[in-house]
Amino acid sequence: MNREVTLPLIVDDRGTLQVAAADVSKLLRTVGGRWLRLVEAGERGLDEDTVAALTIELAKLADRIDVACIAHSSGGPP
């Protein structure tokens, strides 16, 4: 299953980005890492397979944001 995700970032009325994409991708990776640590610590109510799958998807989204930013900054297509 391949679903396209559009992530609107916060911009002001002049179109100036208010949240750096690097901060967004770091946040996504941090959330996934914290979920994994909770599972490793034996947190009840968390399904290990589900947490692993969600963490992978968050990392993929973070990777896509990073690649899009690199392409944009280098003048290439996203």
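Below is a short write-up of the structure.

Basis of the calculations
Residues numbered from 1 in each chain as written. Predicted model: local features only at pLDDT ≥ 70, side-chain atom pairs only at ≥ 80, totals over all residues. Heavy atoms only, no water. Helix = DSSP H or I, 4+ residues; strand = E, 2+ residues; numbered from the N terminus. Expected span 1.5 Å × (residues − 1). Buried < 20%, exposed > 50% of the residue type's maximum accessible area, 1.4 Å probe, protein only. Contact = heavy atoms within 4.5 Å. Patch = residues over 30% accessible without salt bridge, like charges linked within 9 Å, V, L, I, M, F, W, Y side chains within 5 Å. Areas by Shrake-Rupley, 256 points an atom, 1.4 Å probe, with all protein chains shown as cover. Salt bridge = Lys/Arg side-chain N within 4 Å of Asp/Glu carboxyl O.

**Comments concerning helix α2 (residues 48–74)**
Across its 27 residues, α2 extends 39 Å between first and last C-alpha, which sits within 8% of the 39 Å expected from 1.5 Å per residue. Of all the positions in α2, only Val51, Thr55, Leu58, Leu61, Ala62, Ile65 and Ala71 are classed as buried. For α2, the secondary structure elements touched by its buried residues are α1 (21–40).

**Comments concerning a nonpolar patch on the surface**
Together, Trp35, Leu38, Leu46 and Leu54 make up a nonpolar patch on the protein surface, roughly 320 Å² of accessible area in all. Here leucine 46 shows up in the loop between α1 and α2.

**As for the pattern of salt bridges**
Counted by the stated rule, this structure contains 3 salt bridges. Between arginine 29 and aspartate 63 there is a salt bridge; the shortest N-O distance is 2.9 Å. Of this pair, arginine 29 sits in helix α1 while aspartate 63 sits in helix α2; the two residues are 34 residues apart in sequence, bridging distant segments of the chain. When its relative accessible area of 39% is taken as the criterion, aspartate 63 is described as partly exposed. Here arginine 29 makes a salt bridge to aspartate 66, at a shortest N to O gap of 2.7 Å. Remark: aspartate 66 occurs in helix α2 and arginine 29 occurs in helix α1; sequence separation between them is 37 residues. Residue arginine 29 is classed as partly exposed on the basis of its relative accessible area of 34%. What makes aspartate 66 partly exposed here is its relative accessible area of 26%. Here the salt bridges share partners, and the residues they tie into one network are Arg29, Asp63 and Asp66.

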